[in-house]
Every structure is written in C-alpha cells, then in structure tokens.
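Structural overview for review
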Amino acid sequence: MDEIKKTTFNILKQIAPEADEAQIELDENLREEVDLDSMDYLNFITKLGEQFKIEIPEADYQKIETLDELFTYIKTKIAV
C-alpha cells in the first residue's frame, strides 16, 4: 500500500504541482482538496491506470472520490 500511495502522490504532483501531500485530507473529495478540474482529474486517473497497468472505467470514477477510496480501488485492481 505504501508504494501505491507514493506513486499516486508522485502522479498527483505532476498534474497539480501546488498540491501539498501533508495538507490533503485522505477522506475528503480529492478534486475539491486539490482544485482539479475535469481535464486534470481525467489526466490523473489515466496516468494512474497506465502506471499501475490497470483499467479504470469512467463508470468507476464516482467510486474513487477520495484518496482513501482511490488507494483501496487500486489495491483491489492490482490484486485481481
């Protein structure tokens, strides 16, 4: 899980360089926490899918609104 978190934050910093990992609440809506617009969020999710070699369908986006949900989602997808 640590590797998932580290990689996720690295990708997030590429999309939103001003994002401060220490200031992001893991159980709050990520788009609101980091002020990601739709295109930034799509780029973030796409890069995560590429990095972890998983498919993240658009239908699942609403399941992964917080970082906690995202970490769990990726862990589940990798384990399959």
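Here, every reference points to the structure presented above.
**Overview of helix H1 (residues 2-15)**
Along an α-helix, residues three or four apart share an orientation, since each turn contains 3.6 residues. Given a rise of 1.5 Å per residue, 14 residues ought to cover 20 Å, and the 20 Å separating the end C-alpha atoms of H1 matches this to within 8%. Inspection of H1 places Ile4, Thr7, Thr8, Phe9, Ile11, Leu12 and Ile15 among the buried residues, and these make up the whole buried set.

**Looking at the nonpolar core**
One recurring pattern in soluble globular proteins is that nonpolar side chains are buried together. Within the largest apolar cluster, 25 residues are counted, with the highest numbers of intra-cluster contacts made by Leu12, Phe44 and Leu48. Going through the elements one at a time, H1, helix H2 (30-34), helix H3 (38-52) and helix H4 (67-79) are the ones with two or more residues in this core. If we skip the residues at most four places from it in the chain, leucine 12 touches Ala19, Ile24, Leu30, Val34, Leu36 and Phe44.

**Brief notes about the packing of H3 against H4**
At their nearest, the axes of H3 and H4 sit 11 Å apart, and the two run at 35 degrees to each other. Crossing of H3 over H4 shows right-handed handedness. Between H3 and H4, the residues in contact are Phe44, Leu48 and Phe52 and Leu70, Ile74 and Ile78, respectively. Split by residue class, the contact of H3 with H4 holds 6 nonpolar, no polar and no charged.

**Points about the side chain of threonine 66**
In this fold, threonine 66 is placed in the loop between H3 and H4. For threonine 66, a relative accessible area of 10% corresponds to the buried category. In this structure, threonine 66 is in contact with Leu26, Asp27, Glu28, Asn29 and Leu30, ignoring residues within four places of it in sequence.

**A closer look at a negative patch on the surface**
On the surface, Glu25, Asp27, Glu28, Glu32, Glu33, Glu65, Asp68 and Glu69 cluster together to form a negatively charged patch. Positionally, glutamate 65 belongs in the loop between H3 and H4.

**A word on the environment of glutamate 33**
When you line up the elements, glutamate 33 lands in helix H2. Sequence separation of glutamate 33 and phenylalanine 9 is 24 residues, and the distance between their C-alpha atoms is 13 Å. Beyond its immediate stretch of four places on either side in the chain, glutamate 33 contacts Gln23, Ile24, Glu25 and Glu28. Here the side chain of glutamate 33 touches glutamate 25 through a polar contact of 2.9 Å, landing on its backbone nitrogen.

About the thresholds
- Residues numbered from 1 in each chain as written.
- Predicted model: local features only at pLDDT ≥ 70, side-chain atom pairs only at ≥ 80, totals over all residues.
- Heavy atoms only, no water.
- Helix = DSSP H or I, 4+ residues; strand = E, 2+ residues; numbered from the N terminus.
- Expected span 1.5 Å × (residues − 1).
- Buried < 20%, exposed > 50% of the residue type's maximum accessible area, 1.4 Å probe, protein only.
- Core = buried A, V, L, I, M, F, W, Y, C linked by side-chain atoms within 4.5 Å.
- Contact = heavy atoms within 4.5 Å.
- Axes fitted to C-alpha atoms, helices over the stretch in contact; angles between N-to-C directions.
- Left-handed = near helix turned anticlockwise from the far one by under 90°.
- Nonpolar A, V, L, I, M, F, W, Y, C, P; charged D, E, K, R; others polar.
- Patch = residues over 30% accessible without salt bridge, like charges linked within 9 Å, V, L, I, M, F, W, Y side chains within 5 Å.
- Areas by Shrake-Rupley, 256 points an atom, 1.4 Å probe, with all protein chains shown as cover.
- Salt bridge = Lys/Arg side-chain N within 4 Å of Asp/Glu carboxyl O.
- Lys, Arg positive; Asp, Glu negative; His and termini not counted.
- Charge placed at Lys NZ, Arg CZ, Asp CG, Glu CD.
- Polar contact = N/O pair within 3.5 Å; in protein donor to acceptor, adjacent residues only side chain to side chain.

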